[in-house]
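Working through the structure, step by step
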Amino acid sequence: MIEEYSLGWSQDQHFLHRRFKPSRLRQALEYGFPDDETTGALSMLFYGGDFYDHLADSVHDEDFQDSCAYISWRCQSAARWGYPIRVLLGTKSHDMDQGHWWTKINDSLRKPADLKYVDRVSIEHHPVLGDILYVPDNWKPTADEVWEDVCELLRSKNMTMVDWIIMHGAFKHQLPEHLHSKVHFLHDSQRYSSICRKYVLVGHVHLQSQWKNIISCGSLDRQAFGEEAPKGMLKIKVKPTADEILFIENPYARVMLTYPVQDDAPDIEDVVHWIDDQINKYTDEYMSLRFICPKSSELYLNQKALMQKYPNVELVFKDNEDKAKNTHLIKLNQTKTLQTEYDLSNDSVVKMLNQRIGDKLTPSISDKIKSIFS
């Protein structure tokens, strides 16, 4: 394994999300990793899951076509400069296995890039980075079952550690402790940190975080209010002395702000001046602005007029009587029952069938089940 090299990391791009313009996402990704010799020097460029936000309505969807245009551009750049690309499957309700379009588009090029779409728990032996463990989201119904598969994979290869872990999912350190018992799919931070020599790069949670060698740079763009912190990508330079972890800020990220209401009935003229100030400050209208005020206020009653005045700005109005129950931290303290998710992949269904049959399971029945679901 080479002692000095660099790699790029981007996660949670969410192409097709209603708040995101594909052109802005493309600008950000091309800004962070341009088609030049600096990007060409990368030993790997990773996309850490949730490249898409939801299933495209059709191939005629213009936003989907824009995402494919970016994939084609990136693959041609990678082939030109010789850097590999790895695309990880994210949350199935987002990616919907549309990551296969990376492979389809790359294979159609006259000179394809070194590209792999990874949708299984697996280990890649790379000549520069060393051993890379991939863990996509929703691999098994629970985090413990995913860990069992990781341990079995390591045993099968007579390994105890890997150099890098590329995964998509939430870790315990990324959520408040009182939620750990309520969310069934939280990975144990210590487990993965202890088997990784370099870094665990993880997508899924949209906020930046680091715990020991587990790093999340957060989503590429802002999808929700309360994410005022910079958005962007990572470039990691591995060196014999000390590694450099560089955050590349996305200058094209969506602006999402809440109006600083001082009373229950803000003056509509003050609000208009504030909106104009934000547009002038950020020099464009790629933004979402939220107002919390009573439904009886002048501002709330004139929201349609404001929307007509600023057609390119998303204006969100919230009744301040619901402010408490819509506060993020208070929501986390609610004790309502969380919705249970079920993994209906072939492997999971076979396992559930075997458990349901129990003691009556015979080798012939087991073989028949495997044959049906093969």
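Everything below is about the structure shown above.
A quick note: this is a predicted structure, and the numbers were derived from the prediction, not measured.

1. Digging into the overall build of the chain
Regarding its fold elements, the chain presents 13 helices and 17 strands. Taking the contacts inside the chain whose residues are at least 6 apart along the sequence as the reference set, 70% of them involve residues at least 24 apart. Total accessible area on the chain is roughly 19,200 Å²; 50% of this is exposed by carbon and sulfur atoms.

2. Quick word on the side chain of Asn-213
Looking at the element boundaries, Asn-213 is found in the loop between strand S11 (209-211) and strand S12 (214-216). Judged by relative accessible area, which is 12%, Asn-213 ranks as buried. Here the side chain of Asn-213 touches Cys-196 through a polar contact of 3.2 Å, landing on its backbone oxygen. Among the polar contacts listed, one links the side chain of Asn-213 to the backbone oxygen of Lys-198, at a separation of 3.3 Å.

3. Let's talk about a negative patch on the surface
Residues Asp-267, Glu-269, Asp-270 and Glu-298 make up a contiguous surface patch of negative charge. Along the polypeptide, Asp-270 turns up in helix H8 (residues 268-282). Residue classification places Asp-270 among the partly exposed positions, given a relative accessible area of 43%.

4. Things to note about the layout of surface pockets
Its boundaries defined by the atoms lining it, the second largest pocket holds a volume of some 210 Å³. As for the second largest pocket, its lining consists of 13 residues, and the residues nearest its centre are Arg-222, Glu-228, Ala-253, Val-255 and Tyr-282. If one sorts the elements of the lining of the second largest pocket by residue count, strand S15 (residues 255-258) sits on top with 3 residues. Taken together, the residues that form the lining of the second largest pocket break down as 6 nonpolar, 1 polar and 6 charged.

5. With respect to the packing of helix H1 (residues 22-32) against helix H3 (residues 62-81)
Orientation of H1 relative to H3, taken along the N-to-C sense of each, is 15°, at an axis distance of 9 Å. If you check the angle between H1 and H3, you find them roughly parallel. Considering only the axes of H1 and H3, their crossing is right-handed. Each of Pro-22, Arg-26, Leu-29 and Glu-30 in H1 lies in contact with H3, whose residues at this interface are Asp-63, Asp-66, Ala-69, Tyr-70, Trp-73 and Arg-74.

6. Quick look at the pattern of salt bridges
Scanning the model with the defined rule gives 16 salt bridges in all. Arg-191 serves as the salt-bridge partner of Asp-144, at 3.0 Å between the closest nitrogen and oxygen. Pair noted here: Asp-144 is in helix H6 (residues 143-156) and Arg-191 is in helix H7 (residues 189-194), with a separation of 47 residues, a long-range link. With a relative accessible area of 26%, Arg-191 lands in the partly exposed category. Linked by salt bridges that have partners in common, Arg-86, Asp-114, Lys-116 and Glu-124 make up one network.

7. Comments concerning the packing of aromatic side chains
In this structure the tally under the stated criterion is 22 aromatic pairs. Centre to centre, the rings of Trp-147 and Tyr-192 are 5.0 Å apart; their planes meet at 70°, and the pair counts as edge-to-face. Here Trp-147 is found in helix H6, whereas its partner Tyr-192 is found in helix H7, with 45 residues between them in sequence. Both residues of the pair, Trp-147 and Tyr-192, belong to the buried class.

8. Some points on the nonpolar core
Membership of the largest hydrophobic core comes to 34 residues, with the highest contact counts inside it found for Tyr-47, Phe-51, Tyr-52, Ile-85 and Trp-102. Only H1, strand S2 (44-47), H3, strand S3 (85-88), helix H5 (100-107) and strand S4 (115-118) provide two or more residues apiece to this core. No other element matches H3, which puts 7 residues into this core. Setting aside residues up to four positions removed in sequence, Ile-85 forms contacts with Met-44, Leu-45, Tyr-47, Arg-74, Cys-75, Ala-78, Trp-102, Asp-114, Leu-115 and Lys-116. Counting residues in each nonpolar core, the second largest holds 23 residues, with Ile-123, Met-159, Phe-185 and Ile-195 among its members.

9. Some thoughts on the environment of Ile-236
Among the structural elements, Ile-236 can be located in strand S13 (residues 232-238). Along the backbone, Ile-236 and Phe-247 are 11 residues apart, and their C-alpha atoms lie at a distance of 8.7 Å. Apart from residues no more than four positions distant in its own chain, Ile-236 is found in contact with Tyr-5, Ser-6, Leu-7, Trp-164, Tyr-199, Leu-201, Glu-244 and Ile-245.

10. Side note on the sheet that holds strand S16 (residues 287-293)
One open sheet holds the 3 strands; their spatial order is S15-S16-S17, and the pairing between them is parallel. The strands lining the two open edges of the sheet, one partner per strand, are S15 and strand S17 (314-319). Adjacent strand axes in the sheet meet at a mean angle of 15°, parallel and antiparallel pairs treated alike. As judged from the 6 bridges shared by S16 and S17, these two strands associate in the parallel manner.

11. Quick notes on the side chain of Arg-86
Looking at the element boundaries, Arg-86 is found in strand S3. A distance of 2.8 Å separates polar atoms of two side chains, one belonging to Arg-86 and the other to Glu-124.

12. Digging into the pairing of S2
In regular strands, side chains alternate between the two faces of the sheet. Side chains of S2 alternate between two faces, with Met-44 and Phe-46 and Leu-45 and Tyr-47 buried alike. Bridge count for strand S1 (residues 5-10) against S2 is 4 bridges, and the pairing is parallel. Across the sheet, Leu-7 pairs through a bridge with Met-44, a residue of S2. Pairing analysis gives 3 bridges linking S2 to S3, with the strands arranged parallel.

The rules behind these values
What you see as residue numbers is a count from 1 along each chain, following the sequence as written. The predicted nature of this model means local features are confined to residues of pLDDT at least 70 and side-chain atom pairs, given and counted, to a pLDDT of 80 or more, with totals for whole chains, interfaces and linings taken over all residues. Calculated side-chain values reflect all of the structure's heavy atoms, with hydrogen atoms and water omitted. Here a strand is any run of E in DSSP of at least two residues, a helix any run of H or I of at least four, and the numbering for each starts at the N terminus. Any two residues whose heavy atoms approach within 4.5 Å at even a single point are treated as in contact. Here the accessible surface of atoms and residues is derived via Shrake-Rupley with a 1.4 Å probe, and residues count as covered only by protein chains that are part of the display. Three labels apply to residues, based on accessible area from a 1.4 Å probe with only protein chains included: buried if under 20% of the type maximum, exposed if over 50%, partly exposed otherwise in between. The term polar contact refers here to a pair of N or O atoms within 3.5 Å; inside protein, the definition further demands a hydrogen-donor-capable atom paired with an acceptor-capable atom, and it admits residues adjacent in sequence only when both atoms are side-chain atoms. Think of a patch as exposed residues, more than 30% relative accessible area, with no salt bridge, where like charges cluster within 9 Å and nonpolar side chains (Val, Leu, Ile, Met, Phe, Trp, Tyr) cluster within 5 Å. Should a side-chain nitrogen of Lys or Arg be within 4 Å of a carboxyl oxygen of Asp or Glu, the pair is scored as a salt bridge. Charged residues are defined here as Lys and Arg on the positive side and Asp and Glu on the negative side; His and the ends of the chain fall outside this count. Throughout, a charge is located at the NZ atom of Lys, the CZ atom of Arg, the CG atom of Asp or the CD atom of Glu. Cavities and pockets are found on a 1 Å grid laid over the protein atoms alone: a cavity is a set of points where a 1.4 Å probe fits but cannot escape, a pocket is an open set with protein on both sides within 12 Å along at least five of seven lines, and a lining residue has an atom within 4 Å of such a point. Grid points are joined across faces, edges and corners, and a volume is the space filled by probe spheres set on the points. For this classification, Asp, Glu, Lys and Arg are treated as charged, while Ala, Val, Leu, Ile, Met, Phe, Trp, Tyr, Cys and Pro are nonpolar and the rest, including Gly, are polar. To obtain each axis, a line is fitted to C-alpha atoms, and for helices this fit is confined to the stretch in contact; angles are then taken between N-to-C directions over 0 to 180 degrees. In what follows, roughly perpendicular refers to angles from 65 to 115 degrees, roughly parallel to angles under 35, roughly antiparallel to angles over 145, and oblique to any angle outside these ranges. The hand of a helix crossing depends on one turn: near helix anticlockwise from the far one by less than a right angle means left-handed, and clockwise means right-handed. Each Phe, Tyr or Trp ring, with Trp reduced to its six-membered ring, pairs with another whose centre is within 6.5 Å; inter-plane angles below 30 degrees give stacked pairs, above 60 give edge-to-face pairs, and intermediate values give tilted ones. Here, nonpolar core refers to any group of buried Ala, Val, Leu, Ile, Met, Phe, Trp, Tyr and Cys residues whose side-chain atoms link them within 4.5 Å. Being paired, for any two strands, means DSSP has found at least two bridges between them.

Honestly, it's all geometry; don't read function into it.
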